[in-house]
Amino acid sequence: LPDIVKAIALNNKIEEWRDFASMIQTSLASQLQKADSNVRNLGVKQAPFMVLLGATMPSVLAEISFITNRQEGAMLKTDKHRQRIAEALYAGVLRYQQSLKAGPQIAEQ
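Residues numbered from 1 in each chain as written. Predicted model: local features only at pLDDT ≥ 70, side-chain atom pairs only at ≥ 80, totals over all residues. Heavy atoms only, no water.

A. How the structure looks around the pattern of salt bridges. This structure, assessed with the given rule, holds 1 salt bridge. One salt bridge in this structure joins D79 and R82, with 2.4 Å as the shortest N-O distance. With a gap of 3 residues between them, D79 and R82 both fall in helix α3 (residues 79-102), about one helical turn apart. In this structure D79 comes out as exposed when scored by relative accessible area, which is 58%. (Salt bridge = Lys/Arg side-chain N within 4 Å of Asp/Glu carboxyl O. Helix = DSSP H or I, 4+ residues; strand = E, 2+ residues; numbered from the N terminus. Buried < 20%, exposed > 50% of the residue type's maximum accessible area, 1.4 Å probe, protein only.)

Structure follows, in structure tokens:
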């Protein structure tokens with residue numbers, strides 16, 4: 001029974017963390033598309049990344065740009081672009097935090 005409860009709790013956390021990753025991804029894509037219409041939202045992927053394994057709190061790995069892409073590399077050199085990235089990450093984290101404060105919503109019938 002303890003293993004079943006642990007598995008259920010972990011599964012619930014995975015869903016919560018996926019929501020967190022989605023909020024970060026949506027925020028990044030929408031903010032960066034304002035400056036560059038070529039930015040594509042590649043969605044959220046799930047994989048056992050070493051930097052995330054064993055995390056005891058919600059965690060995501062955000063791949064922002066590819067420095068091997070000349071245009072993206074040039075944009076990363078500007079303060080304005082890096083600030084836009086930071087603000088998008090902040091907005092995604094804030095949205096996630098606010099979703100936790102709201103708690104589960106019960107639909108009225």
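B. The side chain of R84, seen in detail. Looking at the element boundaries, R84 is found in helix α3. The side chain of R84 is buried and forms no salt bridge, while E87, the nearest opposite charge, is found at 7.0 Å. (Lys, Arg positive; Asp, Glu negative; His and termini not counted.)

C. Highlighting the side chain of Q25. Relative to the helices and strands, Q25 is located in helix α1 (residues 2-35). A relative accessible area of 19% places Q25 in the buried class.

D. Examining a nonpolar patch on the surface more closely. Taken together, the side chains of F49, V51 and L61 make up a nonpolar region of the molecular surface, amounting to roughly 290 Å² of accessible area. Mapped onto the elements of the fold, F49 is located in the loop between α1 and α2 (70-76). Among the residues examined, F49 registers a relative accessible area of 37% and is labelled partly exposed. (Patch = residues over 30% accessible without salt bridge, like charges linked within 9 Å, V, L, I, M, F, W, Y side chains within 5 Å. Areas by Shrake-Rupley, 256 points an atom, 1.4 Å probe, with all protein chains shown as cover.)

E. Structural detail: the nonpolar core. F20, M23, I24, L28, L32, I85, A88 and Y96 together form the largest nonpolar core, which totals 8 residues. Secondary-structure elements contributing two or more residues to this core are α1 and α3. Residue contributions to this core peak at 5 residues, all from α1. In contact with I85, other than residues within four places in its own chain, are L28, L32, I64 and L76. (Core = buried A, V, L, I, M, F, W, Y, C linked by side-chain atoms within 4.5 Å. Contact = heavy atoms within 4.5 Å.)

F. Spotlight on the environment of S59. Along the chain, S59 falls in the loop between α1 and α2. Along the backbone, S59 and W17 are 42 residues apart, and their C-alpha atoms lie at a distance of 6.7 Å. Setting aside residues up to four positions removed in sequence, S59 forms contacts with F20 and L52.

G. Layout of the environment of V60. Along the chain, V60 falls in the loop between α1 and α2. V60 gets classed as partly exposed once you look at its relative accessible area, which sits at 28%. Through-space distance from the C-alpha of V60 to that of A21 is 5.8 Å; in sequence the pair is 39 residues apart. Discounting chain neighbours no more than four positions away, the residues touching V60 are W17, F20, A21, I24 and L52.

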